Protein chains: 2
Amino acid sequence: MWRELTLLIFLSVLVKSEYKFETKYFKVPLDHFGYQNKDSFQIKYLVNDDHWDHDSGPIFFYTGNEGQIELFAQHTGFMWETAPEFNAKIVFAEHRYYGTSMPFGNKSLDNDHIGYLTSEQALADYADLVDYLQGGAVIPKYPVIAFGGSYGGMLSAYFRMKYPHLVTGAIAASAPVHMFQGMTNCDSYYKIVTSSFSIDGGNQCTDNIRKSWSAIREFAKNETNAEWLHKNWKLCDPLKNTNNVQELLDFMQSMYETLAMVNYPFPSEFLVPLPAYPVRVVCQYLNGTLNGTKLMEAIGEVLNTFTNYDKKNKCVDYKKGSDYGNLDASGWDYQACTEMVMPMCTTGDHDMFEPRTWNLTQYAADCQKRYGVVPRPDAARIIYGGDRLRAASNIVFSNGLKDPWAGGGVFNTVNESVEVILIIDGAHHLDLMPSNPADPSTVRIARDFHKQRIRRWIRQFRK
Amino acid sequence: MWRELTLLIFLSVLVKSEYKFETKYFKVPLDHFGYQNKDSFQIKYLVNDDHWDHDSGPIFFYTGNEGQIELFAQHTGFMWETAPEFNAKIVFAEHRYYGTSMPFGNKSLDNDHIGYLTSEQALADYADLVDYLQGGAVIPKYPVIAFGGSYGGMLSAYFRMKYPHLVTGAIAASAPVHMFQGMTNCDSYYKIVTSSFSIDGGNQCTDNIRKSWSAIREFAKNETNAEWLHKNWKLCDPLKNTNNVQELLDFMQSMYETLAMVNYPFPSEFLVPLPAYPVRVVCQYLNGTLNGTKLMEAIGEVLNTFTNYDKKNKCVDYKKGSDYGNLDASGWDYQACTEMVMPMCTTGDHDMFEPRTWNLTQYAADCQKRYGVVPRPDAARIIYGGDRLRAASNIVFSNGLKDPWAGGGVFNTVNESVEVILIIDGAHHLDLMPSNPADPSTVRIARDFHKQRIRRWIRQFRK
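As the structure is a prediction and not an experimental result, all values here were calculated from the model.

### Some words on the pairing of strand 8 (residues 418-423) of chain A
Residues and elements named next belong to chain A. Taking burial as the measure, the six residues of strand 8 include five buried ones, the bulk of the element. Bridge analysis of strand 7 (residues 395-400) against strand 8 gives six bridges, and the strand direction is parallel. Across the sheet, F397 pairs through a bridge with V420, a residue of strand 8.

Here it is in structure tokens:
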């Protein structure tokens, strides 16, 4: 087992070092949809055209999501591995307000400057960039295929839907385009987190997690116990009050979500460094019926595996909430407070979490307080169509059934060219990750499907 | 002839008085695509549901263009006449920054406030309004058919293209979606103005107009002659210098354009009050080979017919350029300076005007000076696709071949559901006008075609 793991890590490093790109910048207007503000700024994009047929080869265009674009470039192995056989140019475009694509430098995320952070503006950035890559030609020369995972997958689908004249087709991996008010039950996400743990880690694992919440609350009430947790769980900050305990529990809830999301069959540094099948790994500690200190010790091991798999962290910084890891997605909370309002709730019944209802009023009040904005919970449905995608074309929606985000995914083929592929044992956009000897056959099939469709779209373009 | 005319005027008045609607207002965000500015304002819309099947009847939705919406409601008889047989609700939505849909009251058109006047923002207004008319339902109940003529036709097509989940199909009449850089020759518009005059008025008419430009310039150089023109042509202002003469000639060029555009087979007050077949009427004065004072007198008659058909104007206000008549489209110049940059030129060869080249640099400089904006001549192509509409569906593009705007229209069927219908002897969106005994058969055929397609789209929606 150990040998296999190190081999995979070694392979993974090898693959990564092959991903070479040029870093470029492209000027975009701050506001594409109005002329009141006349500022412009630069978005970053990464390019590799080692295998490109400069005459007519396709452009593989990753619609960057909430994070620095290099992270997605490093982990979207599917594009790198597929480009040579298509003689494709590879482009990864960074989403405005993430990475270094900041319109106002380090003031960009201030409430006074963040207002131009929307998906429509980002798509318009990509549209301008694609037009530039086509040389501004009225008749485009190169077929453009959009790729994206997660919010990036939503963007790749939206890019095709809103700019079909610029984008020939889209691979939208794990794109929760239905994760909006009135389209999906708010408990679907956490139900899948739980079922993933149940499938990969067994029911005892989920039972232990389910009862851990109240157990930790009870346990931490005692000052000595709280200090025991501080020390044994290697928490950066002590648990001084119930507020701290809540912060810790929120951190842990987010941890389980992430573990389910990145439950890949190989070790990966995407989001956080983790072993292969991390759900299986952490659930090894949660076997049997655990109570009292035994349960606390076991949960401590889970925490430690999650936060310190690479042995680089000295302590568990539970106060930073879900803002950990490699993503640096500070802007996302703002997007979630404006047009990306995704209702989430837990029942404690069909999931392993404490019950928490979805309360839009409270949510909106929090957004108002934090950013001074009023969320538009229907925005995504009105702008992009949500579950009314019948008029769309040339999109593959892929979903791993172990991925919590599948809860908001497209599960039914929409029409003859908007198709769905399900990856039974796949986590969050596994199909876009670098191929790996440990990949299940279902993801190999999904990748072949993607390639077939890409080939078809390119043929269409050339007709 | 006289009887026929009065009968038609009488009919036209009768028809108009039948168009009854409720005037309503709907709150929209000033900026749909960002949250920096949090203002909102109200757009006007007109509603009639006399014939509506409230359970599932369609909504006929006019995507208002550059003018007060009542004008379009009064002249889009096709919607009024067709609604009963479809049990449709009729909605006319006013475009932001026109009519009374002003975000900043009478300051709206100031350079400091006009920046949110864009087609994308207007479409987003309409999207919100349609959603509201559906009761905010996740599964819409009523099929929505978009209608529009001219820029309104562009908007109806764009509305279907960008929001197909909200709009089932679109009748886009005389929509110059190709009238952008690199898609259409800049001389196409004036070529059609000329051919319309030639067909309806004869070659002598266009010959006389062609030579009138230099003749007027020469004639007006003499002070006595200039005063003669002032008096005989009933100009509000005297021709004091070459600048005034240029203003007069610009006014006249615009006059010929309008005459071709609204060359309807019945008297109409759309844009300006004019007799039936106004091109034919004015060309009666331009028969034979005219020179000197004869030519001046004839042109004077043309001017007088155009500016004072209803005998209400005391003089020809040539200084107001093309900003005459019923449209009140003051915002349009701004749109033409930002994203609706439509290259226009004359050659004097294939058209009856003085040669004038298209000079984007000069055009941009003028826009910069007037509004402080830099035009984006490729914006419409990048945002809406221009001539790359293959992925669109459920649109009928209709064009009257006598309409100058047909020069930028869609002439070839794009795919099985984006179809083209040509009205050989039609002027500017004649098919949307109230039906009239004088209508040519081609426009009747076009209207039947529209109705067939609307029926098909509604069937699709209900499936």
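Still to come is the rest of the account.
### What about the sheet that holds strand 5 (residues 144-149) of chain B?
Residue and element names in this part refer to chain B. Pairing is mixed in the open sheet, where eight strands are placed in the order 1-2-4-3-5-6-7-8. In this open sheet, the two strands that pair with only one neighbour each are strand 1 (22-29) and strand 8 (418-423). The average undirected angle you get between the axes of adjacent strands in this sheet is 20°. As defined by bridge partners, strand 3 (residues 59-63) adjoins strand 5 across four bridges and the pair is classed as parallel. Pairing of I59 across the sheet is with V144, part of strand 5. Helix-sheet contacts for helix 5 (residues 151-162) involve strand 3, strand 5, strand 6 (169-173) and strand 7 (395-400), and the interaxial angle to strand 5 is about 150°.

### Quick look at the packing of aromatic side chains
All names here are of chain A. Scanning all chains against the criterion turns up 61 aromatic pairs over all chains. Ring geometry for Y264 versus F266: centroids 5.7 Å apart, planes at 10°, classification stacked. With 4.8 Å between their ring centres and 50° between their planes, W358 and Y363 make a pair best called tilted. Every member of this aromatic cluster is reached through a ring pair, and the members are Y19, F21, Y62, F72, W80, F92 and F270.

### Re helix 5 (residues 151-162) of chain A
An α-helical segment advances 3.6 residues per turn. Residues three or four places apart therefore align on the same side. Residue and element names in this part refer to chain A. The terminal C-alpha atoms of helix 5 lie 16 Å apart, and with 12 residues this matches the ideal 16 Å at 1.5 Å per residue to within 8%. Most of helix 5 is tucked away, with 12 of its 12 residues classed as buried. Taken as a whole, helix 5 has its buried residues at Y151, G152, G153, M154, L155, S156, A157, Y158, F159, R160, M161 and K162.

### Details of the sheet that holds strand 3 (residues 59-63) of chain A
Residues and elements named next belong to chain A. Overall, mixed pairing links the eight strands, which are arranged 1-2-4-3-5-6-7-8 in an open sheet. Since the sheet does not close on itself, it has two edges, and those belong to strand 1 (22-29) and strand 8, each with one partner. Direction aside, neighbouring strands of the sheet carry axes that sit 20° apart on average. Pairing analysis gives five bridges linking strand 5 (residues 144-149) to strand 6 (residues 169-173), with the strands arranged parallel. Residue pairing across strands places I145 opposite G169, the latter belonging to strand 6. Across the sheet, helix 4 (residues 119-133) touches strand 1, strand 2 (40-48), strand 3, strand 4 (89-93) and strand 5, and the angle it forms with strand 1 is around 115°.

### Structural notes on the relation of the copies chain B and chain A
The two copies are related by a screw motion: chain B maps onto chain A through a turn of 180° and a shift of 0.0 Å along the axis, at an RMSD of 0.0 Å. Read as a symmetry element, the transformation amounts to a two-fold axis. For chain B, the minimum C-alpha distance to the rotation axis belongs to K162 of chain B and amounts to 2.8 Å.

### Looking at the state of the cysteines
Residues and elements named next belong to chain A. Counted under the stated rule, the structure contains eight disulfides over all chains. Covalently, C205 is tied to C283 through a disulfide, its sulfur atoms 2.0 Å apart. Judged by the sign of its S-S torsion, about -65°, the bond between C205 and C283 is left-handed. Placement of C205 in helix 7 (residues 203-221) and of C283 in helix 10 (residues 278-283) is noted, with a sequence separation of 78 residues between them. In chain A, the cysteines engaged in disulfides, taken in order along the sequence, are linked 1-7, 2-4, 3-5, 6-8.

### Observations concerning the domain arrangement of chain A
Reports often express the size of an interface as the amount of accessible area lost when the parts come together. Residues and elements named next belong to chain A. What the domain assignment lists for chain A is domain 1 (14-182 + 379-462) and domain 2 (185-371). The C-alpha-based centres of domain 1 and domain 2 are spaced at 29 Å. Taken together, the contacts link 45 residues of domain 1 with 37 residues of domain 2. Summed over both partners, the interface of domain 1 with domain 2 buries about 3300 Å², with 66% contributed by carbon and sulfur atoms. Where domain 1 touches domain 2, the interface holds one salt bridge. Residue D200 pairs with K402 through a salt bridge whose shortest N-O separation is 2.7 Å. Remark: the boundary between domain 1 and domain 2 carries 11 residue pairs in polar contact (both at pLDDT 80 or more). For the side of domain 1 that touches domain 2, the element with the highest residue contribution is helix 14 (residues 379-384), accounting for four residues.

The rules behind the values
- Residues numbered from 1 in each chain as written.
- Chains lettered and ligands numbered in written order.
- Predicted model: local features only at pLDDT ≥ 70, side-chain atom pairs only at ≥ 80, totals over all residues.
- Heavy atoms only, no water.
- Buried < 20%, exposed > 50% of the residue type's maximum accessible area, 1.4 Å probe, protein only.
- Helix = DSSP H or I, 4+ residues; strand = E, 2+ residues; numbered from the N terminus.
- Pairing = 2+ DSSP bridges.
- Axes fitted to C-alpha atoms, helices over the stretch in contact; angles between N-to-C directions.
- Contact = heavy atoms within 4.5 Å.
- Phe/Tyr/Trp six-rings, centres within 6.5 Å; stacked < 30°, edge-to-face > 60°.
- Expected span 1.5 Å × (residues − 1).
- Least-squares fit on C-alpha atoms with pLDDT ≥ 70 in both.
- Disulfide = S-S within 2.5 Å.
- Domains from an automatic or database assignment.
- Buried area = accessible area lost by both parts, 1.4 Å probe.
- Salt bridge = Lys/Arg side-chain N within 4 Å of Asp/Glu carboxyl O.
- Polar contact = N/O pair within 3.5 Å; in protein donor to acceptor, adjacent residues only side chain to side chain.

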